[in-house]
Amino acid sequence: SPRPTEALKNGLPAFVQLLSDDDLVVRRAAVVTFNSLAHHRPETIREAARSEVIPLLFEMMPVNTALKRTVDLGPFKHTVDDGLPLRKAS
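Computed from a predicted structure; not experimentally measured.

Caption draft 1: View of the nonpolar core. Leu-12, Val-16, Leu-19, Val-31, Phe-34, Val-53 and Met-60 are the most contacted members of the largest nonpolar core, which totals 15 residues. Leave out the neighbours within four places in its chain, and Leu-19 touches Arg-27, Ala-30, Val-31, Phe-34, Val-53, Leu-56 and Met-60.

Caption draft 2: Representation of a nonpolar patch on the surface in the model. There is a patch of nonpolar side chains on the surface, built from Ile-54, Phe-58 and Met-61 and spanning about 290 Å² of accessible area. Judged by its relative accessible area of 37%, Met-61 is partly exposed.

Caption draft 3: Here's a closer look at the environment of Thr-70. When you line up the elements, Thr-70 lands in strand β1 (residues 68–73). Sequence separation between Thr-70 and Phe-15 is 55 residues, and the spatial gap between their C-alpha atoms is 32 Å. Look past the residues within four positions of Thr-70 in its chain and what remains in contact with it is Lys-77, His-78 and Thr-79.

Caption draft 4: The arrangement of helix α2 (residues 24–40) in detail. In this model, α2 (17 residues) spans 24 Å end to end at C-alpha, consistent with the 24 Å of a helix rising 1.5 Å per residue. Listed in full, the buried residues belonging to α2 are Leu-24, Arg-27, Ala-30, Val-31, Phe-34 and Leu-37. Taken down its axis, α2 places every buried residue within 150 degrees of arc, on the same side. Those residues of α2 that are exposed and aimed more than 90 degrees away from the buried face are Val-25, His-39 and His-40. On its buried side, α2 packs onto α1 (4–18), α3 (42–60) and α4 (84–89). N-cap assignment for α2: the residue whose side-chain oxygen lies 3.3 Å from the backbone N of Val-25 is Asp-23.

Caption draft 5: Representation of the pairing of strand β2 (residues 76–81). Here six bridges tie β1 to β2, and the two strands are oriented antiparallel to one another. Within β2, the position partnered with Leu-73 by the bridge is Phe-76. In textbook terms, the turn of a hairpin is the stretch between consecutive antiparallel strands, and for β1 and β2 this stretch comprises two residues, one of which, Gly-74, has a positive phi near 70 degrees.

Caption draft 6: Seen up close, the pattern of salt bridges. For the structure shown, the criterion picks out two salt bridges. Arg-69 is the partner of Asp-82 in a salt bridge, and the nearest nitrogen-oxygen pair spans 3.0 Å. Here Asp-82, found in the loop between β2 and α4, pairs with Arg-69, found in strand β1; they are 13 residues apart in sequence, far enough to count as distant. You can call Asp-82 partly exposed: its relative accessible area is 31%.

Here is what the cut-offs are and how they apply
Residues numbered from 1 in each chain as written. Predicted model: local features only at pLDDT ≥ 70, side-chain atom pairs only at ≥ 80, totals over all residues. Heavy atoms only, no water. Core = buried A, V, L, I, M, F, W, Y, C linked by side-chain atoms within 4.5 Å. Buried < 20%, exposed > 50% of the residue type's maximum accessible area, 1.4 Å probe, protein only. Contact = heavy atoms within 4.5 Å. Patch = residues over 30% accessible without salt bridge, like charges linked within 9 Å, V, L, I, M, F, W, Y side chains within 5 Å. Areas by Shrake-Rupley, 256 points an atom, 1.4 Å probe, with all protein chains shown as cover. Salt bridge = Lys/Arg side-chain N within 4 Å of Asp/Glu carboxyl O. Helix = DSSP H or I, 4+ residues; strand = E, 2+ residues; numbered from the N terminus. Expected span 1.5 Å × (residues − 1). Arc of directions from axis to C-beta. Polar contact = N/O pair within 3.5 Å; in protein donor to acceptor, adjacent residues only side chain to side chain. Pairing = 2+ DSSP bridges.

Printed below as a string of C-alpha cells:
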C-alpha cells in the first residue's frame, strides 16, 4: 500500500475540483482541508498550490452580493452574508 503522503498526493486532484463546487459547505470543507495540508504536510500540495489552489482561493475572497440576504426582524432588518464563512476560511 502507498505511504500516506503518496496517497494524499494521488487524491489531490479530487480535492482541487471540490474548490469549484456549487455548494458552499463543500467548498469550505475543501478550503479547510487544504489549510490543514498546508500546515501539516506542505510537501503534498506544494506542486498544485501555485498553479491551481491559490488562484481558486483568490476567486473566493471578494464579497459575492448574490450570497447576501436581508432578514426581516420585526422593525429591524439584518443583512446575512452566507459567503462569510468561506471567505474567512480562504
